[in-house]
Amino acid sequence: MSVRTIAIVGATGAQGGGLVRAITANPGTFAARALTRKLTSDKATALAGAGVNVVEADTDNAESLKRAFDGAYGVYCVTNYWEHFSVEREQAQARNMAVAAKAAGVQHVIWSTLEDTRKWVPLDDARMPTLQGKYKVPHFDSKGEADQIFRDAGVPTTCLLTSFYWDNFIFFGLGPKRGPDGVLAITLPMGDARLPGIAAEDIGRCAYGVFGRPDLIGKTVGIAGEHLTGSEMAAGLTRALGQEVRYNAVPPEVYRSFGFPGADDLGNMFQFKRDFNDYYCGARSLAFSRSLNPQLLTFDAWLAEHKHQIPVD
Ligand SMILES: NC(=O)c1ccc[n+]([C@@H]2O[C@H](COP(=O)([O-])OP(=O)(O)OC[C@H]3O[C@@H](n4cnc5c(N)ncnc54)[C@H](OP(=O)(O)O)[C@@H]3O)[C@@H](O)[C@H]2O)c1
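These lines cover the structure that appears in this document, whether it is placed above or below. (Residues numbered from 1 in each chain as written. Predicted model: local features only at pLDDT ≥ 70, side-chain atom pairs only at ≥ 80, totals over all residues. Heavy atoms only, no water.)

**A look at the nonpolar core**
Counting 56 residues, the largest nonpolar core has Ile8, Leu19, Phe69, Tyr76 and Leu160 as its most contacted members. When neighbours within four sequence positions are excluded, Ile8 is seen to be in contact with Gly16, Leu19, Val20, Ile23, Ala32, Arg33, Ala34, Leu35 and Tyr76. Core analysis: the second largest hydrophobic core is formed by 37 residues, Phe164, Ile186, Met190 and Ala240 among them. (Core = buried A, V, L, I, M, F, W, Y, C linked by side-chain atoms within 4.5 Å. Buried < 20%, exposed > 50% of the residue type's maximum accessible area, 1.4 Å probe, protein only. Contact = heavy atoms within 4.5 Å.)

**Describing the packing of aromatic side chains**
Between two aromatic rings, the relevant description is the distance of the centres plus the angle of the planes. A full pass over the atoms with the stated rule returns 22 aromatic pairs. For the pair Phe30 and Phe211, a centre-to-centre distance of 6.3 Å together with 65° between the ring planes defines the contact as edge-to-face. In this pair, Phe30 sits in strand E2 (residues 30-36) while Phe211 sits in helix H7 (residues 200-211), placing the two residues 181 residues apart along the sequence. The two residues Phe30 and Phe211 agree in class, both being buried. Sitting above the plane of the Tyr73 ring, Arg4 keeps its charged end 4.5 Å from the centroid. (Phe/Tyr/Trp six-rings, centres within 6.5 Å; stacked < 30°, edge-to-face > 60°. Helix = DSSP H or I, 4+ residues; strand = E, 2+ residues; numbered from the N terminus. Lys NZ or Arg CZ within 6 Å of the ring centre and 35° of its normal.)

**Re the site of the ligand**
Close to the ligand lie 27 residues, the nearest being Thr12, Thr36, Thr79, Tyr165 and Asn168. At 3.4 Å from an oxygen atom of the ligand is found a main-chain nitrogen or oxygen belonging to Gly10. Contacts to the ligand include Lys143, whose side-chain N or O atom sits 2.9 Å from an oxygen atom. In the complex, 84% of the free accessible area of the ligand, which totals 930 Å², lies under the protein chains. Sorting the residues of the shell around the ligand by element identifies helix H1 (14-25), helix H4 (87-103), helix H5 (138-153) and strand E7 (164-165) as the ones contributing at least two each. Among the residues making up the shell around the ligand, the classes are represented as eight nonpolar, 13 polar and six charged. (Near = heavy atom within 4 Å. Polar contact = N/O pair within 3.5 Å; in protein donor to acceptor, adjacent residues only side chain to side chain. Areas by Shrake-Rupley, 256 points an atom, 1.4 Å probe, with all protein chains shown as cover. Nonpolar A, V, L, I, M, F, W, Y, C, P; charged D, E, K, R; others polar.)

**Focus on the sheet that holds E7**
Spatial strand order, E7-E10-E12: three strands in an open sheet with mixed pairing. Here the strands that pair on one side only, and so sit at the sheet edges, are E7 and strand E12 (226-229). In terms of strand pairing, E7 meets strand E10 (residues 194-198) through two bridges, oriented parallel. Residue pairing for E10: Tyr165 is matched across the bridge by Ile198. Running at roughly 95° to E12, helix H8 (residues 230-241) makes contact with E10 and E12 of the sheet. (Pairing = 2+ DSSP bridges. Axes fitted to C-alpha atoms, helices over the stretch in contact; angles between N-to-C directions.)

**Looking at the pattern of salt bridges**
By the definition in use, this model includes 19 salt bridges. Among the salt bridges present, the one from Asp60 reaches Arg89, with a minimum N-O distance of 2.7 Å. Pair noted here: Asp60 is in the loop between strand E3 (53-56) and helix H3 (62-69) and Arg89 is in helix H4, with a separation of 29 residues, a long-range link. The exposure class of Asp60 is partly exposed, given its relative accessible area of 37%. For Arg89, a relative accessible area of 37% translates into the label partly exposed. Lys143 is the salt-bridge partner of Glu90, the closest N and O atoms lying 2.9 Å from each other. One end of the pair, Glu90, is in helix H4; the other, Lys143, is in helix H5, with 53 residues separating them in the sequence. Taking relative accessible area as the criterion, Glu90 reaches 1% and is therefore assigned buried. Given the relative accessible area of 8%, Lys143 is considered buried. Three or more residues are tied together by salt bridges with common partners; here these are Asp116, Arg118, Asp141 and Glu145. (Salt bridge = Lys/Arg side-chain N within 4 Å of Asp/Glu carboxyl O.)

**Quick notes on the packing of H8 against helix H13 (residues 299-306)**
It is the contact of H8 with H13, at a shortest axis distance of 10 Å, that shows an interaxial angle of 35°. Pair H8 / H13 crosses with right-handed handedness. Touching Met233, Gly236, Leu237, Arg239 and Ala240 of H8 are Phe299, Asp300 and Leu303, all from H13. For the contact of H8 with H13, the class distribution of residues is five nonpolar, one polar and two charged. (Left-handed = near helix turned anticlockwise from the far one by under 90°.)

Pasting the structure below:
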């Protein structure tokens, strides 16, 4: 069979970048076509320098996507909610990708999604505040609601439920912070519940596995590297950093009040994961994730690779 092209939205980012690297590490089956808004950015020029085909496209512009998807067998679709904090814009981008994939006759789309938490926590459920008038966890609900956009467009889609990136301990400000007692702690409103986590790089490697599984078209599948409690993650960080890291379990309402942009959204998100923990972990089978991606990292293995990047003052 000839090499099939996978067009990758977010190729300069965490999820899409992992997929580009998974494809280039396994030549012969797929070829990566990396999409970026800016061909001259450092990340885009690095990809081109590594021999990857890089093309310009913007998910706000459907015509640019149609050109970028033309002739592709598969498309990886991801949005970056945190760049604009707008459900409407994220869903318009999903619609543009779905419509373009349909127009290009793409045979397998992966939509990087998350749960519409309102199926578990209706808006009148007072356990957590309603945000932006009609969401409980805007960056989740937005993606989950957009699953239907891909179905309505009639594109052959696998909905891929991703998990908390352990890389958030490096890049998203969630790493260990020193408390008044001088001891490092990670703060999460998860109680004793388990948090499915994953090395961001493994999302792309799992997506590579999904593209090799056309039987997963029309299905929703979830991935994670491990399901760990806050205490277990703190113990892993303690071993890796060589100094004590504690787990500071706070109530979700305290987390929501932290004041950083998106604190209310993330507070609700962690509460959803805590309150519906059996469902949430069950939707992200470790054995299934490993079947897609035999290189799947455990938290300890991820820490061994990345502990030096975790900012600790
Ligand atoms: N952090 C977590 O724990 C976590 C867990 C699960 C899901 N997520 C979700 O992951 C998503 C972000 O994915 P990521 O972490 O892979 O992103 P990322 O590393 O922050 O990079 C963003 C990527 O999106 C591309 N992009 C953004 N806007 C675009 C547009 N209008 N047109 C074309 N490309 C665009 C950027 O490409 P250029 O700049 O090169 O154009 C870049 O490649 C978020 O929606 C978030 O909710 C995050």
